[in-house]
Amino acid sequence: CERQDSRASRERLLVVANRLPVSAVRRGVDSWHLEISVGGLVSALLGVKEFETRWIGWAGVNVPDEIGQRALIKALAEKRCIPVFLDEEIVHQYYNGYCNNILWPLFHYLGLPQEDRLATTRSFQSQFDAYKKANQMFAEVVKEHYVEGDVVWCHDYHLMFLPKCLKERNRKMKVGWFLHTPFPSSEIHRTLPSRSELLRSVLAADLVGFHTYDYARHFVSACTRILGLEGTPEGVEDQGRLTRVAAFPIGIDSDRFIRALELPQVQDHMKELKERFAGRKVMLGVDRLDMIKGIPQKILAFEKFLEENPNWRDKVVLLQIAVPTRTDVPEYQKLTSQVHEIVGRINGRFGTLTAVPIHHLDRSLDFHALCALYAVTDVALVTSLRDGMNLVSYEFVACQASKKGVLILSEFAGAAQSLGAGAILVNPWNVTEVASSIGYALNMPADEREKRHHHNFVHVTTHTSQEWAATFVSELNDTIVEAQLRTRQ
Ligand code: ADQ
């Protein structure tokens, strides 16, 4: 009953994430152009319509002058977004440094880049200080815009220090924190010099959420082993105070994809693609260009498949759409050149004067083009080395109601736990296994494809992003009511 009441009055939700769902591009002294950002967090949260939502985050740009700041605040207000202004030095140390160079690889079991190991060790403390400072700046903006009763939902590894900062400012604030990446085994987390401080800060939240039960379990064991706290089936207990820890698997706004397929511009685009690739099976990869996505491994597996199956060489094409991200980080620049080199080599090896086996695009596609691509695809390939969930696999399934294509999915993506029964699961490090799965998928009989697709389609259309957010927020409210009852007893 209480849940229904809070939903009916459209509860105010402050979503706090490092990046706003839009990036700002300066057009003049006081004029700004806003572009939608690409990424899983944005895709999922834009589907959440049930709450009166305000976004708080960085707009991806340094704005040193007051005129520019005022104009940007105004432009963003129309999108219900509130900016946090971070200067270049903080961005360098907090975002490029601590977040992207330390936490991101560590949480994905990739370790630190070899040649950067010593340099990172030296600059660790200054980067962690900048991380804490940035989190304090986020907390100040939240405090300024917070209205009593708001739910404050902090997102991701960039803001692990935020729950503590918020509770220090207002003990009564309802604070939830959700991690979009995996949380690694406690053996990995223990190597982090700031391991205890980060865990304690997260534990200041009322509710802590992960995509899968495994990640939640890893977090609880990190708290028991590193902090010596007690893990219970509900979460982590510290001197009588419980922080609830649970799994909340994310989803997508599946209706948006299904409806888009009926639009004339999407239908036209599908027709063009079908004509362009007539007589060939279409395989698809859509990823942010990131080392966790296993793009080189995917392309090498495709090469092995072509090597071993000469009869398929002119009958299949791999479309790899990889939007560049974090382009100022050297490791990402190296990955881009590596992918280009492998694609060039394979196209040189197996291409003909009229056709190449791999089309690789380094850019993002608009929503309609993406839906059309998903719909005409025969086999989607997701080969993440680690991935919190992976929404591309969900989006592909949502667009396959008529074609019933096959999903090849890495067992190291969180999505393997929800779509595992319908997909072909692979170890992306095993190129031979992925190559033979490609053959299996391309030759799969229609009745097996239908059965597998049905399983996944039911899951994707019933576990949506709306459901995910509603469940998280109502669990947060319940947790707070229970805590109040406990303290009264
Ligand atoms: P990401 O690592 O960004 O998300 P993912 O979940 O696959 O990964 O989401 C990517 C989103 O960006 C999808 O909505 C996709 O459509 C879009 N996208 C990717 N490449 C694109 C391109 N070239 N053109 C257009 N759109 C593109 C992080 C975690 C994931 C977790 C999500 C949500 O790393 O594991 O699933 O957050 O929690």
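These notes cover the structure that comes with them. (Residues numbered from 1 in each chain as written. Predicted model: local features only at pLDDT ≥ 70, side-chain atom pairs only at ≥ 80, totals over all residues.)

Focus: the overall build of the protein chain
Then comes step 1: Helix and strand content of the protein chain: 19 helices and 17 strands.
Then comes step 2: For 489 residues, the compact-globule formula gives about 23 Å, and the C-alpha radius of gyration of the protein chain, at 23 Å, lands near that figure.
Then comes step 3: Taken across its 489 residues, the protein chain has 46% of its residues classed as buried.
Then comes step 4: Within the protein chain, counting contacts between residues at least 6 apart in sequence, those at least 24 apart form 78% of the total. (Helix = DSSP H or I, 4+ residues; strand = E, 2+ residues; numbered from the N terminus. Rg over C-alpha atoms; globule rule 2.2 N^0.38 Å. Buried ≥ 20, exposed ≤ 12 C-beta atoms within 10 Å, placed from the backbone. Contact = placed C-beta atoms within 7 Å.)

Re the sheet that holds strand E14 (residues 358–361)
Then comes step 1: Across the sheet, which stays open at both edges, the six strands sit in the order E14-E13-E12-E15-E16-E17 with parallel pairing between neighbours. Two strands close off the open sheet at either side, each with one partner strand: E14 and strand E17 (424–426). When the angles between neighbouring strand axes are averaged without regard to direction, this sheet yields 20 degrees.
Then comes step 2: Inspection of the sheet shows strand E13 (residues 316–324) paired to E14 by four bridges, in the parallel sense. Within E14, the position partnered with Leu318 by the bridge is Ile358. (Pairing = 2+ DSSP bridges. Axes fitted to C-alpha atoms, helices over the stretch in contact; angles between N-to-C directions.)

Regarding the sheet that holds strand E6 (residues 151–155)
Two modes of strand pairing occur in sheets, parallel and antiparallel, and in both the strands are linked by backbone hydrogen bonds.
Then comes step 1: On the basis of which strands lie adjacent, the open sheet formed by nine strands has the order E5-E4-E1-E6-E7-E8-E11-E10-E9 and mixed pairing. The sheet is open, and its two borders are formed by strand E5 (81–83) and strand E9 (230–231), each paired with just one other strand.
Then comes step 2: Here strand E8 (residues 207–210) pairs with strand E11 (residues 241–247) via four bridges, running parallel. Opposite Leu207, over in E11, you have Arg244 as the bridge partner.

Looking at the site of the ligand
Then comes step 1: The environment of the ligand is formed by 24 residues, the closest being Gly40, Ser43, Gly388, Met389 and Leu391.
Then comes step 2: Taken together, the residues that form the shell around the ligand break down as twelve nonpolar, eight polar and four charged. (Near = placed C-beta within 6 Å. Nonpolar A, V, L, I, M, F, W, Y, C, P; charged D, E, K, R; others polar.)

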